[in-house]
Amino acid sequence: MSFFPAVIAFLKSPEEILGYVDPYLDQAKPHFDKMKPHLEKIPYFDQFTFTPINSLLIAVFIIYAAHMLQASCAILSGTFSAINPRGQATKSEPGFFERLAKFFKNAHENSLEGFIFYAVGVVLCTIKPVDEGLFQRICVLYIVTRILYVLIYGLHILPGLKYPISLVRSSIWFTNTLLACTLIKLAAISKSE
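Residues numbered from 1 in each chain as written. Predicted model: local features only at pLDDT ≥ 70, side-chain atom pairs only at ≥ 80, totals over all residues. Heavy atoms only, no water.

Colleague: What should I look at first to understand the overall build of the protein chain in this one?
Modeller: Within the protein chain, the regular secondary structure consists of six helices and zero strands. Listing the helices and strands of the protein chain from first to last along the sequence gives α-α-α-α-α-α. In the protein chain, which comprises 193 residues, the share counted as buried stands at 37%. About 11,800 Å² of surface is accessible on the protein chain, with carbon and sulfur atoms providing 68% of the total. (Helix = DSSP H or I, 4+ residues; strand = E, 2+ residues; numbered from the N terminus. Buried < 20%, exposed > 50% of the residue type's maximum accessible area, 1.4 Å probe, protein only. Areas by Shrake-Rupley, 256 points an atom, 1.4 Å probe, with all protein chains shown as cover.)

In structure tokens, the structure reads:
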């Protein structure tokens, strides 16, 4: 499944790809509008402007937020080691927080793996003259799907929902990777025009 996002990005135009994704974002927009008053209480939030370059910083924050969630769960499970953080001790029967730490570790590592495609796409689209509106929409969708991915990865801990959650998580991963590949395609189209 890993090569499908790149193949689809190669075969379809960025507009077609966003046509698949935009309806889902439209359904989520009312929920984001409800969050805005709460976000405005964050210091300096009103001074922040979302740009594709700023989205790289947000993506890095998401990567390390997953890592901090993993570390917090490891501390709560009693398996955290500041001496050897990459070789965390494991119990013979992992508890709730130890299992949750494992899921957030996986989300962190996957976010690191996917970030390179997104970063390359953002840099290429910044260098090349591309449609700014399309560029911005792809970046927003990437950030939203990456946040959802990390949160849904943590839901694997829920008993009896392992397979449905895996399906949703994989769908979000697919969309997220497709968006990163679409940025590279957008830059490639710009170069050829």
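Colleague: When you look at the nonpolar core in this model, what are you seeing that I'm missing?
Modeller: The nonpolar side chains of soluble globular proteins are, as a tendency, buried together. Tyr118, Val122, Cys125, Phe135, Ile138, Leu183 and Leu186 are the most contacted members of the largest nonpolar core, which totals 40 residues. Those elements that provide at least two residues to this core are helix H2 (14-39), helix H3 (52-77), helix H4 (96-127), helix H5 (132-154) and helix H6 (162-192). Ranked by residue count, the leading element in this core is H5, at eleven residues. Here Cys125 is in contact with Val130, Phe135, Leu183, Leu186 and Ala187, once residues within four sequence places are set aside. (Core = buried A, V, L, I, M, F, W, Y, C linked by side-chain atoms within 4.5 Å. Contact = heavy atoms within 4.5 Å.)

Colleague: Which parts of the structure should I look at to understand the pattern of salt bridges?
Modeller: Opposite charge on two side chains makes pairing possible when the charged atoms of those side chains draw close. On inspection of all chains with the given rule, the structure shows one salt bridge. Between Glu109 and Lys105 there is a salt bridge, with its nearest N and O atoms 3.3 Å apart. One end of the pair, Glu109, and the other, Lys105, are both in helix H4, four residues apart, so they sit about a helical turn from each other. Judged by its relative accessible area of 34%, Glu109 is partly exposed. On the basis of relative accessibility, which here comes to 35%, the residue Lys105 falls in the partly exposed class. (Salt bridge = Lys/Arg side-chain N within 4 Å of Asp/Glu carboxyl O.)

Colleague: Honestly, the environment of Ala9 in this entry has me stumped. Any pointers?
Modeller: Counting through the fold element by element, Ala9 comes out in helix H1 (residues 4-11). On the basis of relative accessibility, which here comes to 3%, the residue Ala9 falls in the buried class.

Colleague: I would appreciate a short explanation of the environment of Ile127 in the present structure.
Modeller: Mapping Ile127 onto the fold places it in helix H4. Separated by 60 residues in sequence, Ile127 and Ala187 place their C-alpha atoms 8.5 Å apart.

Colleague: Please explain the packing of aromatic side chains as it appears in this structure.
Modeller: Working definition: an aromatic ring pair is given by the centre-to-centre distance plus the angle between the planes. This model, assessed by the stated rule, comprises four aromatic pairs. Both rings, one in Tyr118 and one in Tyr142, keep their centres 3.7 Å apart while their planes meet at 0°; by these two values the pair is stacked. Here Tyr118 is found in helix H4, whereas its partner Tyr142 is found in helix H5, with 24 residues between them in sequence. Considered together, Tyr118 and Tyr142 belong to a single accessibility category, that of buried residues. Among the aromatic residues, those joined into a cluster by ring pairs are Phe103, Tyr149 and Tyr153. The side chain of Arg146 reaches across the aromatic face of Tyr149, ending 4.8 Å from its centre. (Phe/Tyr/Trp six-rings, centres within 6.5 Å; stacked < 30°, edge-to-face > 60°. Lys NZ or Arg CZ within 6 Å of the ring centre and 35° of its normal.)

Colleague: Help me understand the layout of surface pockets in this model?
Modeller: Empty space among the atoms becomes apparent when a probe as large as a water molecule is rolled across them. There is about 390 Å³ of room inside the second largest pocket. The wall of the second largest pocket is formed by 16 residues, among which Val21, Tyr24, Thr145, Ile172 and Thr175 lie closest to the centre. Of all the secondary-structure elements, those providing two or more residues to the lining of the second largest pocket are H2, H5 and H6. Considering every element that reaches the lining of the second largest pocket, the biggest residue donor is H2, with seven residues. By residue class, the composition of the lining of the second largest pocket is twelve nonpolar, four polar and no charged. (1 Å grid on protein atoms, 1.4 Å probe; cavity = no way out; pocket = protein on both sides within 12 Å on 5 of 7 lines; lining within 4 Å. Points joined across faces, edges and corners; volume = space filled by probe spheres on them. Nonpolar A, V, L, I, M, F, W, Y, C, P; charged D, E, K, R; others polar.)

Colleague: Sorry, what's going on with a nonpolar patch on the surface here?
Modeller: Nonpolar side chains collect at one region of the surface, where Ile116, Phe117, Val120 and Leu124 lie side by side and expose about 330 Å² of accessible area between them. In this structure, Val120 sits in helix H4. (Patch = residues over 30% accessible without salt bridge, like charges linked within 9 Å, V, L, I, M, F, W, Y side chains within 5 Å.)

Colleague: Before we go on, may I ask you to explain the packing of H4 against H5 in this structure?
Modeller: Each pair of packed helices can be summarised by the angle the axes make with each other and by the distance between the axes. Across the interface, H4 lies against H5 with an axial gap of 9 Å and an inter-helix angle of 170°. Taken together, the axis directions place H4 and H5 in an arrangement best described as roughly antiparallel. Looking at the contact of H4 with H5, its residues break down into 15 nonpolar, six polar and one charged. (Axes fitted to C-alpha atoms, helices over the stretch in contact; angles between N-to-C directions. Parallel < 35°, antiparallel > 145°, perpendicular 65-115°, else oblique.)

On their own, these measurements won't tell you what the molecule is for.
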